[in-house]
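Structural features, examined
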Amino acid sequence: MSDTSPNPYKPPRLEAKLTASEAVIVKHRDISIFVLLCVVTLGIYWFYLAYHWAKEVNGLYSRVKYQPVVVLLVSIATCGIVGVVFECLYAFDIAQISKSRGVAGRLEHLATWVVTCNCVAMVVSFIPYGVVVGFLLGTLASVLLQVELNKLADMYSKSP
């Protein structure tokens, strides 16, 4: 007697593992230079960061969660709108990782702050002359994210 019903006990799907070069440890970035580059390049530096943040979050998870090239290309194609969504996703991931690894002095509601700053920035940008305020709020969201990544970078640089 042959049973043609599918097996409900399938093995878990294999996730893509990172190569040694992809297992990037978080890079500490100076916040003043970070802000200066974002302002001087009128936000173009942010696309570079979105790419590297994807690699760093992948490294923290030790698996491929975000495809950095896809993040970069989709962010550029949508003029940064989808990139802001990725930035919010990174904030949720970094908050979870920081909490699980016991990072000292972490921002308790990082994801909430990043999402709020980015949403207000988008809305304010539609008001005349609101683009400047929107740009500053978007930069603030990115700075908050990088500050938390810097805390993780400091934690990893101190560990053996």
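Here the structure is shown first, and the text comes after it.
Everything in this summary refers to the structure shown in the same document. (Residues numbered from 1 in each chain as written. Predicted model: local features only at pLDDT ≥ 70, side-chain atom pairs only at ≥ 80, totals over all residues. Heavy atoms only, no water.)

**A few points about the overall build of the protein chain**
Within the protein chain, the regular secondary structure consists of 6 helices and 0 strands. Here the protein chain holds 160 residues, and 37% of them are scored as buried. Surface summary for the protein chain: the accessible area is close to 9900 Å², and the carbon and sulfur share equals 70%. (Helix = DSSP H or I, 4+ residues; strand = E, 2+ residues; numbered from the N terminus. Buried < 20%, exposed > 50% of the residue type's maximum accessible area, 1.4 Å probe, protein only. Areas by Shrake-Rupley, 256 points an atom, 1.4 Å probe, with all protein chains shown as cover.)

**Some thoughts on the nonpolar core**
Within the largest apolar cluster, 33 residues are counted, with the highest numbers of intra-cluster contacts made by W53, Y90, I94, L110 and L152. The dominant element in this core, judged by the number of residues it contributes, is helix α2 (residues 44–61), at 9 residues. (Core = buried A, V, L, I, M, F, W, Y, C linked by side-chain atoms within 4.5 Å.)

**Remarks on the packing of aromatic side chains**
Under the defined criterion, the tally for this structure stands at 8 aromatic pairs. Taken together, a centroid distance of 5.5 Å and an interplanar angle of 25° make the contact between Y45 and Y48 stacked. One end of the pair, Y45, and the other, Y48, are both in helix α2, 3 residues apart, so they sit about a helical turn from each other. Exposure remark for Y45: the relative accessible area of 16% places this residue in the buried category. Using a relative accessible area of 41% as the deciding quantity, one classes Y48 as partly exposed. By way of ring pairs, the aromatic residues F34, Y45, Y48, W53, Y66, F86 and Y90 are connected into one cluster. Its guanidinium or amino end placed over the ring of Y61, R63 lies 5.5 Å from that ring's centre, counting from NZ or CZ. (Phe/Tyr/Trp six-rings, centres within 6.5 Å; stacked < 30°, edge-to-face > 60°. Lys NZ or Arg CZ within 6 Å of the ring centre and 35° of its normal.)

**As for unusual backbone geometry**
Positive phi, close to 55°, is recorded for C79, a residue that is not glycine. Tracing the sequence through the fold places C79 in the loop between α3 (68–77) and α4 (81–100). The phi torsion at Y129 lies on the positive side, around 65°, for a residue other than glycine. Considering the arrangement of structural elements, one finds Y129 in the loop between α5 (110–124) and α6 (130–158).

**Some thoughts on the environment of V35**
Among the secondary structure elements, V35 is positioned in helix α1 (residues 31–40). Using a relative accessible area of 28% as the deciding quantity, one classes V35 as partly exposed.

**Points about the side chain of N118**
You can see N118 is positioned in helix α5. Look past the residues within four positions of N118 in its chain and what remains in contact with it is V84, E87, C88, G138 and A141. (Contact = heavy atoms within 4.5 Å.)

**Quick look at the packing of α1 against α2**
Where α1 contacts α2, the axes come no closer than 8 Å and their chain directions differ by 130°. When the axes of α1 and α2 are compared, the pair comes out oblique. Across the interface between the two elements, F34, L37 and C38 of α1 pack against Y45, L49 and W53 of α2. Its residues assigned to classes, the contact of α1 with α2 comprises 6 nonpolar, no polar and no charged. (Axes fitted to C-alpha atoms, helices over the stretch in contact; angles between N-to-C directions. Parallel < 35°, antiparallel > 145°, perpendicular 65-115°, else oblique. Nonpolar A, V, L, I, M, F, W, Y, C, P; charged D, E, K, R; others polar.)

**Side note on the side chain of E87**
Mapped onto the elements of the fold, E87 is located in helix α4. This buried residue, E87, is left without a salt bridge; R29 holds the nearest opposite charge, at 11 Å. Sequence-distant contacts of E87, that is, excluding residues within four places in its chain, are made with W46, W53, V114, N118, A141, S142 and L145. (Lys, Arg positive; Asp, Glu negative; His and termini not counted. Salt bridge = Lys/Arg side-chain N within 4 Å of Asp/Glu carboxyl O.)

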